[in-house]
Amino acid sequence: MKIAVRYFSRSKNGNTRKLAKAMSEALGVEALDISHPVDKDTDILFLGNSVYYEDADPNVKSFIDNLELEKGTIYNFSSSAIRKSTHSQIKKCIEERKRKGETGLKLSDKEFFCKGEFGLMHKDRPNSCDLMNIKDFAKNVVAAYN
Ligand SMILES: Cc1cc2nc3c(=O)[nH]c(=O)nc-3n(C[C@H](O)[C@H](O)[C@H](O)COP(=O)(O)O)c2cc1C
């Protein structure tokens with residue numbers, strides 16, 4: 001089974017990068033930023049991103065616009081300071097592509113979300129508990145395929 005981890009991290013804290021690295025440790029799969037393409041025959045794509053100005057980042061939207069998966073499922077993981085996860089924004093991008101008939105991309109309803117440090121808010125998040133939780137999330141997703 002082919003598993004990929006891609007992430008986009010914008011803030012200097014690198015919150016999404018920390019989550020992606022924890023996932024990488026748990027799965028033994030390299031976590032790469034979204035400048036790295038994903039193989040078409042990937043089965044599970046963990047996609048890490050965050051909320052900026054109440055939305056998903058344009059770079060992440062563009063990554064999805066160019067993503068080609070033959071059969072795989074995307075699992076979103078994200079963090080934010082105030083808002084909930086980016087799942088609904090990511091879903092919108094995927095549905096837009098489907099409307100154009102471009103793809104059979106699938107987004108799972110299963111996702112990981114935690115608070116992320118932003119200025120004085122949520123100091124040190126993701127913390128060790130968040131990192132443990134995302135490791136469990138990743139392992140559970142993969143275990144369900146076996
Ligand atoms: C430029 C900028 C804008 C942000 N806007 C929002 C926002 O509108 N709503 C929110 O809940 N969090 C917002 N945040 C907080 C981030 O979602 C949060 O800190 C996240 O963990 C950052 O992940 P990163 O370190 O991987 O970039 C913003 C952060 C930055 C840097």
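Residues numbered from 1 in each chain as written. Predicted model: local features only at pLDDT ≥ 70, side-chain atom pairs only at ≥ 80, totals over all residues. Heavy atoms only, no water.

**Q** Teacher, can you tell me more about the site of the ligand here?
**A** Around the ligand, 19 residues are found, and the nearest of them are S9, S11, T16, V51 and Y52. A distance of 2.6 Å is found between an oxygen atom of the ligand and a side-chain nitrogen or oxygen belonging to S79. Within the backbone of R83, an N or O atom sits 2.7 Å from an oxygen atom of the ligand. Considering the ligand on its own, with 630 Å² of exposed area, one finds that the protein chains cover 92% of that surface. Listed by contribution, the elements that provide at least two residues to the shell around the ligand are α1 (15-27), β3 (44-52) and β5 (73-80). In terms of residue count, the dominant contributor to the shell around the ligand is β3 (three residues). (Near = heavy atom within 4 Å. Polar contact = N/O pair within 3.5 Å; in protein donor to acceptor, adjacent residues only side chain to side chain. Areas by Shrake-Rupley, 256 points an atom, 1.4 Å probe, with all protein chains shown as cover. Helix = DSSP H or I, 4+ residues; strand = E, 2+ residues; numbered from the N terminus.)

**Q** How do you make sense of the pattern of salt bridges when you look at a structure like this?
**A** It is possible for side chains bearing opposite charge to pair when their charged atoms get close. One pass over the full model with this rule turns up eleven salt bridges. Across the pair K2 and D39 runs a salt bridge, and its minimum N-O distance is 3.0 Å. With K2 in the segment before β1 (3-7) and D39 in the loop between β2 (31-33) and β3, this pair connects stretches of sequence that are 37 residues apart. A salt bridge links R10 to D57; its shortest N-O distance comes to 3.5 Å. Residue R10 is located in the loop between β1 and α1, and its partner D57 is located in the loop between β4 (55-56) and α2 (58-65); the two are separated by 47 residues in the primary sequence. By relative accessible area, R10 is classed as partly exposed at 45%. On the basis of relative accessible area, D57 is assigned to the buried category, the value being 3%. (Salt bridge = Lys/Arg side-chain N within 4 Å of Asp/Glu carboxyl O. Buried < 20%, exposed > 50% of the residue type's maximum accessible area, 1.4 Å probe, protein only.)

These figures capture arrangement, not role.
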